[in-house]
Amino acid sequence: MNDSGAVLAWQVIRQDDNGNQYRVGKYATRAEAEQMADRLDVRGHKQLYWVERIGAPAQQ
């Protein structure tokens with residue numbers, strides 16, 4: 001939980017072209033997280049972005 005009391009249950013993950021993965025941010029709703037992933041994706045870099053629920057098994 002953050003200071004506002006909201007549960008941040010969704011995260012955006014970035015994978016670079018070397019396969020390294022990093023959490024970009026945590027969000028309260030899936031829609032919020034997807035909106036951020038879409039914004040980052042349109043920048044045209046060679047990164048891969050996806051959304052996953054915190055605590056869910058990681059993508060392989």
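Here the structure is shown first, and the text comes after it.
Residues numbered from 1 in each chain as written. Predicted model: local features only at pLDDT ≥ 70, side-chain atom pairs only at ≥ 80, totals over all residues. Heavy atoms only, no water.

Draft legend 1. Up close: the sheet that holds strand S2 (residues 21–27). Taking strand neighbours across the sheet as the criterion, the 3 strands line up as S2-S1-S3 in an open arrangement whose pairing is antiparallel. Of all the strands in the sheet, the pair left with one neighbour each is S2 and strand S3 (48–53). Looking at each pair of strands side by side, their axes are set apart by 25° on average, direction ignored. Where strand S1 (residues 10–15) meets S2, 6 bridges bridge the pair, whose relative direction is antiparallel. In the strand pairing of S2, Val-12 is matched with Gly-25. Contacts between helix H1 (residues 30–41) and the sheet are confined to S1, S2 and S3, with S3 contributing the most and set at about 175° to the helix. (Pairing = 2+ DSSP bridges. Helix = DSSP H or I, 4+ residues; strand = E, 2+ residues; numbered from the N terminus. Axes fitted to C-alpha atoms, helices over the stretch in contact; angles between N-to-C directions. Contact = heavy atoms within 4.5 Å.)

Draft legend 2. Summary view of the pattern of salt bridges. By the definition in use, this model includes 1 salt bridge. Note that Glu-34 is salt-bridged to Arg-30, the shortest N-O span being 2.7 Å. Taken together, the residues Glu-34 and Arg-30, both in helix H1 and 4 residues apart, mark about one turn of the helix. According to the relative accessible area criterion, Glu-34 is partly exposed, its value standing at 33%. (Salt bridge = Lys/Arg side-chain N within 4 Å of Asp/Glu carboxyl O. Buried < 20%, exposed > 50% of the residue type's maximum accessible area, 1.4 Å probe, protein only.)

Draft legend 3. Region of the structure containing H1. Taking 1.5 Å per residue as the helical rise, H1 with its 12 residues ought to reach 16 Å, and the 16 Å between its terminal C-alpha atoms agrees with that figure. Those residues of H1 lying buried are Ala-33, Met-36, Ala-37 and Leu-40. Down the axis of H1, the sector holding all buried residues measures 100°, keeping them to one side. Opposite the buried face of H1, at more than 90 degrees from it, the exposed residues are Ala-31 and Asp-38. (Expected span 1.5 Å × (residues − 1). Arc of directions from axis to C-beta.)

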